[in-house]
Amino acid sequence: MRVRQGVKRGDTIGIRVDGAEVAAFAGETVAAAMLAAGLRVFRHDPEGFPRAPFCNMGICYDCLLEIAHKDALPVRLRACMTLVSPGMSVTTGCDGKV
Amino acid sequence: MSQGGQLDVDVAVIGGGPAAMAFCTALADTGLNIAVIDEQPRPGGQILRQPPADFEIDNWLPGSAYRGLKRQLARFEALKNVRWIGGSAVLGLDRQFEGFELCLDGASGTRIVRARRVLTATGCYDLAAAFPGWTLPGVMTAGGVQTLLKSQQVLAGERIVFCGTHPLQLIVADQVMQNGGRVEAVVFVQSFHAAWRMMFHHTSTMLANMDKLVDAATALARLKRRGVPVRFGEVPERAIGYDRLEGVTLRAVEGGGAPVHLTCDTLALCFGFAPQSDLPRSLDAAIAWDEPYGGWRILHDVWMRSSVDGLFVAGETAGVGGAQKALIEGELAALGCAGDAGVLTPEEAEQRAKPLRRAHGRALAFAAMLRALTDPGEALRKMVTAETVVCRCEIVRHRDIDAALREHVQVGRPNAVKLLTRAGMGGCGGRNCEPAVVRQVSQSLGRLPEPQDAFTARFPARSTPVSRLI
Amino acid sequence: MKTATGNRRFDVAIIGGGLTGCGAAFHLVRKGASVLLVERAQINAGASGQNAGSLHFQLERRLVEHDSAASAIAARTLLLSRAAIRDWRALEALLGTDLEVVMAGGLMVAETAEEMALLERKQALEATYGLDVELLDGPEARLRAPYLSDRVIGAAFCPHEGHAGPRVATVAFARAAEAAGACITTEIRVGKISRSPLKGFVLDLVEEGGRTERVSADIVLAAAGAWTMEVGQLANVHLPLFPLALTMTATERCAPLIPHLVQHAGKRLSLKQTHAGNLLIGGGWPARLRQRNAAPYGFDLERRAVLRPPMLIENLNIACGIVPAVANLNVLRTWTGIVAETPDHLPVLGEVSEVPGFYVAAGGSGFTLGPTVARVLSEMILTGTTSEDVSHFSPARFGGLNSTMGL
């Protein structure tokens, strides 16, 4: 849920998460945009259990997702440490598929 | 591979929070060139995690606790002698010739920064408190819920329960309520009476630090006015949900009674903090176990010098103790650094340090009181079961670590346990599980944690894409 | 068992708790010998636990790239390779535990005609020792190993190569040895070795806190990896084994991609995928040994060697050139280890004639040959004969250094 009162956000940025459009704002992290959109499962651990951000400060690596900046090859990055960018595409759930 | 080529400075500062800012401000007129490196895009550290530049926020971080820090931030951002390198992780710290070489990671690749001296002010992170179900989506740290709110202006969930030992959770819960969120309960492990008793033991310290306590008390009062239950003497027994958190059961610490179930979609854990000290540790800086939460703090002298020549530490890295301590230590380190660099005479440095040392003593007393008040004590041990995952990354359970200790020949160190179980070999580099593993090993062997118990700290300090390195 | 003076007495005292030491303890105790193993830190804390688990039977590139005389000598390590293949294939059954052994084949790849020529020379040498190695061209190599890039123009394939689990192999031997009655102590050093007036040796064991104990043993086996030279000093002999610090990188886990051990004919590269899915990338990349800050100055083997990021980056570059998929992964962690190397690259195995009863087992490819060396040294100690010809590895070849030494 985004805080509305007392907050003016900048430009909207559209990203795709697992193929679906997710609206975000300039300056938001991928993690924040996904949580605000109600997406609560980010990836699955080696035993197949669901994971999502735990620390939100780049320590836990539970928010590791396959993130591709527009036209670039995907890289696995921490969603909480990566800012959204136009044309970005995010894929959840894959732990190191090559 | 490298973007921007090599950078040479007099001092490299790792971390851009209160300690770093105080350090740089104190060195403003010395002519020393400083580079400040932080993973976050903007200065402030975790305590002042700034919102994106594109946001406009009315009254960001209201409250007396932040006023001084916000002024500090404004001063820092105006400094001319500082080069800010945001969005960059320091992957490695190496001794080279007379100084240090830092290997930085960034979106466009790696770069090298060379500095004669280094300040590590890398702060702390929330202690990971393990219990059944804690890996479910929706279980987060209180710090995570707070930064998501104050920086990204996003509420982590719609029904939030806070649980832990630290009064920070009152502050965060209050911030959540103020921003239209819903807090189902704030649960303290300590019994109400134990908390009061503890505070009375430290009456003079309490009185000397009323301003900090007022913030927690104000938050508590506001929460109660809004009907948020504040509970005492309970630990989380189990986080429940299929693929995301749906509720948590709480159990009384003392005595029986039926477990209590709270419906929630977010559980914020607030059990204390561990110092982030891996970079100095990779250079074998002398360390000590940071009681009562755990983790390794870097030992230092009166000028904040670590045991590694030229390497200074300040703030939580030198022991968890709050923003006030961090500010003072940042300034002390600046004086030490200026003295070593020859831009201040020993007399001038000592003169300027005098009032700081008095303030430092007071800040340390407050930190000690807070530590005593928030000691998780036996709670962490009671929360964990044999099946509980201790290493989140590699899925190593409490019983796996027990088995390694029992069944293998003469296992006496966490590094040996790491090698046998893989605990600490995952993406987080052991940050989340190391305190728990060290505790489990030392408890099992009937001794206190020792410096040789530390997981080996290595390059890269952050897991990073191969494509950024090559 | 105690001596007349009340000291504990053993048939064999093994110094070093790595793969060779624990393996020897296992074999010796099962044949009825009383065994004490003394380890100065933790079991498997040295190179035995830090290596990448390669089971490589082909000759390493660095051993054959220069003059043929040196290559001929270094190739003698192949005398043990065939036994090592058999020993590794039987090891999990012997110890009754999963050691993550995968022997699905190894490829040494070539990118240039020069490198292909080296592979041909190498294969000829290996054939004289009966090692099974097949030469493949580029398309054939990519047929067997689709993960290889187009830059590979050929490869040498050995069907037995692969990898095993360094985190589990040594401890499996240690557990089995202890269960069979071996006495294994950790965090204890040998401070002094002297001749017993009766038979064998007297060793002074020193604990961290300073407590000492004196034990007796008929036989001493020095299997201390990078520390073997120091242990030799205690016995007043020169054992020319020098510490080399190496670097290893692990990536995050990924779906099964590389079932083989991959090495390179012209560049430093070794690449494999572990049981858990991580890729391990190495190949002899140097790390920097630490120096002591106080007297006695020199290498400080008690502290981890320092990783040098430029070495790591070069290593990754080469890996990505051969297996492009590596570039999509995250580097998870790196580590360093210190191995022991001799001037001729061959292990040192056998009794030191200047100190009868003092045996050495160190150097060479410690992980690949570890189980074999442990078995053979045990045979030597118990019976005086060995099932493999290890005469070329005897410490006698350093006799020139030791003519004035000995206890």
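Criteria and thresholds
Residues numbered from 1 in each chain as written. Chains lettered and ligands numbered in written order. Predicted model: local features only at pLDDT ≥ 70, side-chain atom pairs only at ≥ 80, totals over all residues. Heavy atoms only, no water. Contact = heavy atoms within 4.5 Å. Buried area = accessible area lost by both parts, 1.4 Å probe. Salt bridge = Lys/Arg side-chain N within 4 Å of Asp/Glu carboxyl O. Axes fitted to C-alpha atoms, helices over the stretch in contact; angles between N-to-C directions. Helix = DSSP H or I, 4+ residues; strand = E, 2+ residues; numbered from the N terminus. Parallel < 35°, antiparallel > 145°, perpendicular 65-115°, else oblique. Left-handed = near helix turned anticlockwise from the far one by under 90°. Nonpolar A, V, L, I, M, F, W, Y, C, P; charged D, E, K, R; others polar. Pairing = 2+ DSSP bridges. Buried < 20%, exposed > 50% of the residue type's maximum accessible area, 1.4 Å probe, protein only. Core = buried A, V, L, I, M, F, W, Y, C linked by side-chain atoms within 4.5 Å.

**Student:** Help me understand the interface of chain A and chain B, please; the structure alone is not making it clear to me.
**Tutor:** Bring the parts together and some accessible area is lost; that lost area is often taken as the interface size. Facing the 41 residues of chain A at the interface are 53 residues of chain B. Regarding the contact of chain A and chain B, the summed buried area is about 3,900 Å², with carbon and sulfur atoms giving 57% of it. The largest share of the area that chain A buries against chain B comes from Met1(A), Arg40(A) and Phe54(A), three residues that together contribute 21% of it. Run the count over chain A and chain B and you get 5 salt bridges.

**Student:** How should I be thinking about the packing of helix α12 (residues 398-407) of chain B against helix α13 (residues 414-421) of chain B in this particular structure?
**Tutor:** Angle between the axes and distance between the axes are the two parameters that describe a pair of packed helices. Residues and elements named next belong to chain B. Closest axis-to-axis distance for the α12/α13 pair is 10 Å, and the angle between their directions is 110°. Comparing their axes, α13 and α12 come out roughly perpendicular. Handedness of the α12/α13 crossing: right-handed. Residue-level inspection shows Asp 400, Ile 401, Ala 404 and Leu 405 of α12 in contact with α13, the latter providing Val 417, Leu 420 and Thr 421. Looking at the contact of α12 with α13, its residues break down into 5 nonpolar, 1 polar and 1 charged.

**Student:** Hey, could you run me through the sheet that holds strand β2 (residues 12-17) of chain A in this one?
**Tutor:** Sheet strands pair via backbone hydrogen bonds, and the direction of the pair is either parallel or antiparallel. Residues and elements named next belong to chain A. Spatial ordering of the open sheet is given by β3-β2-β8-β6-β7, a layout of 5 strands whose pairing is mixed. The open sheet has two free edges, formed respectively by β3 (20-25) and β7 (75-78), since each of these has just one partner strand. Taken pair by pair, the neighbouring strands of this sheet meet at an average axis angle of 40°, ignoring direction. Here β2 pairs with β3 via 6 bridges, running antiparallel. Within β3, the residue paired with Ile 15 across the bridge is Val 22.

**Student:** When you look at helix α4 (residues 168-178) of chain B in this model, what are you seeing that I'm missing?
**Tutor:** Along an α-helix, residues three or four apart share an orientation, since each turn contains 3.6 residues. All names here are of chain B. Where burial is concerned, most of α4 is hidden: 10 out of the 11 residues are buried. Listed in full, the buried residues belonging to α4 are Leu 168, Gln 169, Leu 170, Ile 171, Val 172, Ala 173, Asp 174, Gln 175, Val 176 and Met 177. Following α4 by one or two positions, Gly 180 adopts a phi angle in the positive range, close to 85°.

**Student:** Sorry if this is basic, but what is going on with the nonpolar core here?
**Tutor:** Looking at soluble globular proteins, one finds that nonpolar side chains tend to be buried together. Ranked by size, the top nonpolar core spans 168 residues in total, and within it Phe23(B), Leu102(B), Phe162(B) and Val186(B) carry the most contacts. Residue contributions to this core peak at 9 residues, all from helix α9 (residues 323-341) of chain B. Leave out the neighbours within four places in its chain, and Leu102(B) touches Ala12(B), Ile14(B), Ile37(B), Val90(B), Gly92(B), Leu93(B), Arg111(B), Ile112(B), Val113(B) and Val118(B). Core analysis: the next-biggest nonpolar cluster, separate from the first, contains 85 residues, Ala423(B), Ala182(C), Ala223(C) and Ala374(C) among them.

**Student:** Which parts of the structure should I look at to understand the packing of helix α5 (residues 78-95) of chain C against helix α11 (residues 366-383) of chain C?
**Tutor:** Residues and elements named next belong to chain C. In the contact formed by α5 and α11, the axes pass within 8 Å of each other and the chain directions differ by 90°. One finds that α5 runs roughly perpendicular with respect to α11. For the pair α5 and α11, contact is made by Leu 80, Ser 81, Ala 83, Ala 84, Asp 87, Trp 88 and Leu 91 and by Phe 367, Thr 368, Leu 369, Pro 371, Thr 372, Val 373 and Arg 375, respectively.

**Student:** Hey, could you run me through the sheet that holds strand β13 (residues 261-264) of chain C in this one?
**Tutor:** Taking strand neighbours across the sheet as the criterion, the 9 strands line up as β23(B)-β18(C)-β12(C)-β15(C)-β14(C)-β13(C)-β4(C)-β6(C)-β5(C) in an open arrangement whose pairing is mixed. The open sheet terminates on both sides in strands that have one partner only, identified here as β23 (464-465) of chain B together with β5 (134-137) of chain C. Bridge count for strand β14 (residues 270-273) of chain C against strand β15 (residues 278-282) of chain C is 4 bridges, and the pairing is antiparallel. When the bridges of β15(C) are listed, Leu271(C) appears paired with Ile281(C). Contacting β4 (106-110), β12 (242-253), β13, β15 and β18 (330-341) of chain C, helix α10 (residues 309-322) of chain C crosses the sheet at an angle of about 115° to β15(C).

**Student:** Which parts of the structure should I look at to understand unusual backbone geometry?
**Tutor:** The general pattern is negative phi for most residues beyond glycine and trans for most peptide bonds. The step from Glu291(B) to Pro292(B) runs through a cis peptide bond, and the omega angle for that step is 0°. Within the secondary structure layout, Pro292(B) lies in the loop between β18 (287-289) and β19 (296-298). For the bond running from Phe459(B) to Pro460(B), omega is -10°, close enough to zero to count as cis. Phi is positive for Tyr61(A), which is not a glycine, with a value near 60°. For Tyr61(A), the position within the fold is in the loop between β5 (50-51) and β6 (64-68). Classification of Tyr61(A) by relative accessible area gives buried; the value is 6%.

**Student:** So what exactly am I meant to see when it comes to the pattern of salt bridges here?
**Tutor:** Two side chains that carry opposite charge are able to pair once their charged atoms sit near each other. Counting across every chain of the model gives 67 salt bridges over all chains. Close ionic contact of Glu302(C) with Arg40(C) constitutes a salt bridge, the shortest N to O distance being 2.4 Å. In this pair, Glu302(C) is assigned in the loop between β17 (299-300) and α10 and Arg40(C) in the loop between β2 (35-38) and α2 (47-50), connecting sequence segments 262 residues apart. Overall, the relative accessible area of 25% leaves Arg40(C) in the partly exposed class. When the shortest N-O distance is used, the salt bridge between Glu111(C) and Arg151(C) registers 3.1 Å. Placement of the pair is Glu111(C) in the loop between β4 and α6 (113-128) and Arg151(C) in the loop between α7 (138-144) and β6 (154-158), with a sequence separation of 40 residues. Of the residues examined, Glu111(C) reaches a relative accessible area of 16% and is grouped as buried. Look at the salt bridges and you will find they share partners, linking Arg43(A), Asp45(A), Arg51(A), Asp62(A) and Arg392(B) into a network.

**Student:** Looking at this structure, I do not really get helix α14 (residues 434-444) of chain B. What am I missing?
**Tutor:** Residues and elements named next belong to chain B. Of all 11 residues that make up α14, 8 are buried, and the element is covered over most of its length. By the burial criterion, the buried members of α14 are Glu 434, Pro 435, Val 437, Val 438, Arg 439, Gln 440, Val 441 and Ser 442. Of the residues trailing α14, Gly 446 is marked for its positive phi of about 65°.

**Student:** Help me understand the environment of Pro460(B), please; the structure alone is not making it clear to me.
**Tutor:** Along the chain, the position of Pro460(B) falls in the loop between α14 and β23. Along the chain, Pro460(B) and Trp60(B) lie 400 residues apart, while their C-alpha atoms are 35 Å from each other. Those residues in contact with Pro460(B) that lie beyond four places of it in its chain are Leu91(B), Val331(C), Leu332(C), Arg333(C) and Thr334(C).

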